[in-house]
Amino acid sequence: MGRILVTGATGTVGRHAVALLREAGAEVVALSGGDGDLRDPGTLPPLDGVTSALLVWPFATADGARDVLRALAGRRVVYLSSAARREGEREVERLVEEMAGEWTFLRPHAFAANALRWARQVRAGVVRGAHGAAGMPVVHERDIAAVAVRALLDAGHHGAAYTLTGPETLTQADQVRVISEVTRLPVRWEELSPEHARDALAAEGWPPGVAEEVLRAQAELVSRPLPVTSAVEEVTKAPARSFREWVREHADAFLWAPGGSRTGTGMRAARIHEFGDASVIRLDEVPIPRPGPGEVLLEVAATSFNPSEVGLRSGLLPEVFRASLPHTLGWDVSGTVVETGAGVSGLAPGDRVFGMADGAAAEYVVAPAGALARAPRSIPLADAAAVPVAGLTAWQAVHEHARLTPGQRVLVNGAGGGVGMFAVQLAKLAGAHVTATASPRSAAAVRRLGADEVIDYTTTPLPADVDVLLNLIPNGPAGQSRTTVSIAGGEGHFVMRYDPDDLAALATLIDDGGLAVEIAESHPLPELAQIHQRAEAGDIRGKITFLMA
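Residues numbered from 1 in each chain as written. Predicted model: local features only at pLDDT ≥ 70, side-chain atom pairs only at ≥ 80, totals over all residues. Heavy atoms only, no water.

Draft legend 1. Structural context of the environment of Met-421. By secondary structure assignment, the location of Met-421 is in helix H14 (residues 418-429). Between the C-alpha atoms of Met-421 and Gly-513, which are 92 residues apart in sequence, the distance is 15 Å. Discounting residues that sit within four places of it in the chain, Met-421 has contacts with Ala-415, Gly-416, Ala-445, Val-446, Leu-449 and Arg-541. (Helix = DSSP H or I, 4+ residues; strand = E, 2+ residues; numbered from the N terminus. Contact = heavy atoms within 4.5 Å.)

Draft legend 2. Highlighting the pattern of salt bridges. Overall, the coordinates contain 41 salt bridges when judged by the stated rule. A salt bridge links Asp-465 to Arg-409; its shortest N-O distance comes to 3.8 Å. Taken together, the residues span a long stretch of sequence, with Asp-465 in the loop between strand S21 (453-455) and strand S22 (466-471) and Arg-409 in strand S19 (residues 409-413) at a distance of 56 residues. With relative accessibility at 34%, the residue Arg-409 sits in the partly exposed group. Between Asp-539 and Arg-441 there is a salt bridge, with the nearest N and O atoms lying 3.8 Å from each other. Placement of the pair is Asp-539 in the loop between helix H17 (528-536) and strand S25 (543-547) and Arg-441 in helix H15 (residues 440-448), with a sequence separation of 98 residues. In this structure Arg-441 comes out as partly exposed when scored by relative accessible area, which is 46%. One connected set of salt bridges, linked through shared partners, spans Arg-66, Glu-91, Arg-94 and Glu-98. (Salt bridge = Lys/Arg side-chain N within 4 Å of Asp/Glu carboxyl O. Buried < 20%, exposed > 50% of the residue type's maximum accessible area, 1.4 Å probe, protein only.)

Draft legend 3. Quick look at the layout of surface pockets. Within this model, the second largest pocket holds a volume of roughly 1,700 Å³. As for the second largest pocket, its lining consists of 49 residues, of which Asn-306, Pro-307, Ser-308, Leu-472 and Ile-487 are closest to the centre. Counting residues per element, the lining of the second largest pocket draws most heavily on helix H12 (residues 308-314), at four residues. Residues belonging to the lining of the second largest pocket are distributed by class as follows: 27 nonpolar, 16 polar and six charged. (1 Å grid on protein atoms, 1.4 Å probe; cavity = no way out; pocket = protein on both sides within 12 Å on 5 of 7 lines; lining within 4 Å. Points joined across faces, edges and corners; volume = space filled by probe spheres on them. Nonpolar A, V, L, I, M, F, W, Y, C, P; charged D, E, K, R; others polar.)

Draft legend 4. Quick look at unusual backbone geometry. In this model, Leu-325 is joined to Pro-326 through a cis peptide bond whose omega is -5°. Relative to the assigned elements, Pro-326 resides in the loop between H12 and strand S14 (327-328). If you check the backbone angles, Lys-237 has positive phi at about 65° while not being a glycine. We classify Lys-237 as exposed; its relative accessible area is 69%. Look at Arg-403: it is not a glycine, yet its phi comes out positive at around 50°.

Draft legend 5. Inspection of the sheet that holds strand S11 (residues 266-272) at higher detail. Here we have three strands laid out as an open sheet, ordered S12-S11-S14, and antiparallel in their pairing. With partners counted over all chains shown, the strands left at the sheet margins are strand S12 (281-287) and S14, one partner each. The pairing of S11 with S14 spans two bridges and is classified as antiparallel. Bridging from a neighbouring strand, Ile-272 pairs with His-327 of S14. (Pairing = 2+ DSSP bridges.)

Draft legend 6. Broad picture of the pairing of strand S5 (residues 102-108). Extensive coverage of S5 is indicated by the burial of six of its seven residues. Pairing analysis gives five bridges linking S5 to strand S8 (residues 160-164), with the strands arranged parallel. Bridging across to S8, Phe-105 finds its partner in Ala-161.

Draft legend 7. Here's a closer look at the nonpolar core. Counting residues in each nonpolar core, the largest one holds 55 residues, and the members touching the most others are Leu-404, Val-410, Val-412 and Leu-470. Among the secondary structure elements, those contributing two or more residues to this core are strand S13 (295-304), helix H13 (388-401), S19, H14, strand S20 (433-437), H15, S22 and helix H16 (500-511). Every residue in contact with Val-410, bar those within four places of it in the chain, is listed here: Leu-404, Ala-427, Ala-432, His-433, Val-434, Thr-435, Val-468 and Leu-470. Of all hydrophobic cores here, the second largest spans 52 residues; its members include Val-6, Leu-21, Ala-115 and Val-232. (Core = buried A, V, L, I, M, F, W, Y, C linked by side-chain atoms within 4.5 Å.)

Draft legend 8. Structural context of the environment of Thr-163. Within the element layout of this structure, Thr-163 appears in strand S8. On a C-alpha basis, the gap between Thr-163 and Pro-108 in space is 5.5 Å, while along the polypeptide they are 55 residues apart. For Thr-163, the residues in contact, after removing those within four places along its chain, are Arg-107, His-109, Thr-229 and Ala-231.

Draft legend 9. Region of interest: helix H1 (residues 14-23). Three or more residues of H1 are buried, namely Gly-14, His-16, Ala-17, Val-18 and Leu-21. Buried residues along H1 sit in contact with strand S1 (3-7), strand S2 (27-31), strand S3 (50-55) and helix H5 (141-153). Positive backbone phi, approximately 90°, marks Gly-25, located one or two places after H1.

Draft legend 10. Region of the structure containing the sheet that holds S5. Strand order across the open sheet formed by six strands is S2-S1-S3-S4-S5-S8, with parallel pairing between neighbours. A strand with exactly one partner marks an edge of an open sheet, and here the two such strands are S2 and S8. Here the strands of the sheet are splayed against their neighbours by 15° on average, with no regard to which way each runs. Note that S3 and strand S4 (residues 76-80) share four bridges and pair parallel. Bridge assignment links Leu-54 to a residue of S4, and that residue is Val-78. Sheet contacts for helix H3 (residues 87-99): S3, S4 and S5; angle to S5, the most-contacted strand, approximately 160°. Helix-sheet contacts for H5 involve S1, S3, S4, S5 and S8, and the interaxial angle to S4 is about 165°. (Axes fitted to C-alpha atoms, helices over the stretch in contact; angles between N-to-C directions.)

Draft legend 11. Just the side chain of Gln-425, in detail. With respect to the element layout, Gln-425 can be found in helix H14. One polar contact links the side chain of Gln-425 to the main-chain carbonyl oxygen of Met-421, over a distance of 3.1 Å. Contacts of Gln-425, omitting those with residues within four sequence positions, involve Leu-449, Gly-514, Leu-515 and Ala-516. (Polar contact = N/O pair within 3.5 Å; in protein donor to acceptor, adjacent residues only side chain to side chain.)

Draft legend 12. Representation of the packing of aromatic side chains in the model. By the definition in use, this model includes six aromatic pairs. Between Trp-57 and Phe-59 the ring centres are 4.9 Å apart and the planes differ by 75°, which places this aromatic pair in the edge-to-face class. Residue classification places Trp-57 among the buried positions, given a relative accessible area of 8%. Assessed through its relative accessible area of 24%, Phe-59 is described here as partly exposed. Residues Phe-243 and Trp-246 carry aromatic rings whose centres are separated by 5.7 Å and whose planes lie at 15° to one another, so their mutual orientation is stacked. Of this pair, Phe-243 and Trp-246 both sit in helix H10 (residues 243-249), three residues apart, which is roughly one turn of the helix. On the basis of relative accessibility, which here comes to 2%, the residue Phe-243 falls in the buried class. (Phe/Tyr/Trp six-rings, centres within 6.5 Å; stacked < 30°, edge-to-face > 60°.)

Structure representation (structure tokens):
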């Protein structure tokens, strides 16, 4: 059998190939990235007795491949290329044909393992990308390794180029659906324009040329999905593994991120170093905090925008919005517990929670464990970030201050805002007859959430014969009712009290189907300053969330 060299031995395919070869009784010379630079033949281990090699070439170009293949000349070489056959891969294939004694090319289509790049977004409940309808027969890395092992050990594979696929073609959106079904996490695909997707890839550190190539390939797969091949089964005599099977094996990677899985100690945070207009918001790289006694560290799925944050950022009402500088923005939060401090007994890593935490506009935040509630199970975790401030404000307005009872007539003034969307539903659940004011662009959503009547306040006088006025916008009407409750100053004004028990009650309502959470827009964290600008121009409605991935 001889000795078999495996480069990239700890990688996605290489580690499975090493395990399968050793199971077959082969002596493996394993070479990983930590063993030197593959492009320098001087770093190769002694090749005495090596009769064949699995060549995993992890570089974008073929630079250095000639010298390595010269060292492997005359031996059997199985080269892990790709179905895309990019310029560098074509050149390595040519060199293998020229120098190897026997050769086989493996040309897999998209790896199932590529879905791991969505892991954080899956935990947040929203996977965002362009070309969700792009179809591809993703292949399990163990199947690629199994084909490689047969080509290394068996005769009859010289000169073959195997196009390797899984057993079915799935769109990107289909893959997200399968992940949701297997993990039982509510996850949705959110379509981005190619321009926004390109920006998102750039923010993740993708080189511009690579991002363009990936998006161009995905666009082609919308109209021309890749076909399934039978190569895996023909070579291994076993059916190709499904994407669903791959997800089952990797479910833990999607469900939670253990503290030890974080790379480095830094995170992104949206901070202000001075008070002023929206231009003072900066995206900084800062250390990941550690939880103290009674605290937990959250991997943030999302935060949401609240109009009051404009006042904090601007330095208005410092007696209300106290903040030392630099200050990380954000109050609403939803996320996954990744670490607990001393004395925390009610929460553990992997728990999905929501609530309020100062500095939530960051990839990680520390919060008191007792201030958090279990997130609703029936909606994406990121959507839960829309609930705390707006939902609690509406809950307390309806139940504690207005004390609505069945049959009362209530006017929700400003129903198209984040608080209003919840107030309409909670008033209906209390048995009230709900009249709501909304602009034409919000009217359909407000009616869908249960308002009995919707008034366009720009053209129609407000009714005077109501029992309760819930005033949610500045300069609301006066003398319209026997009871006035306001969050915008004036008669009946109150300030929301944070109460995790009330938040838990809202979560139960959501899971029972009695309360809908409507997200008007979602954006990546770097776009926070733009939303602040739009808010000051009066150009937003409903709840806007900011996703950390």
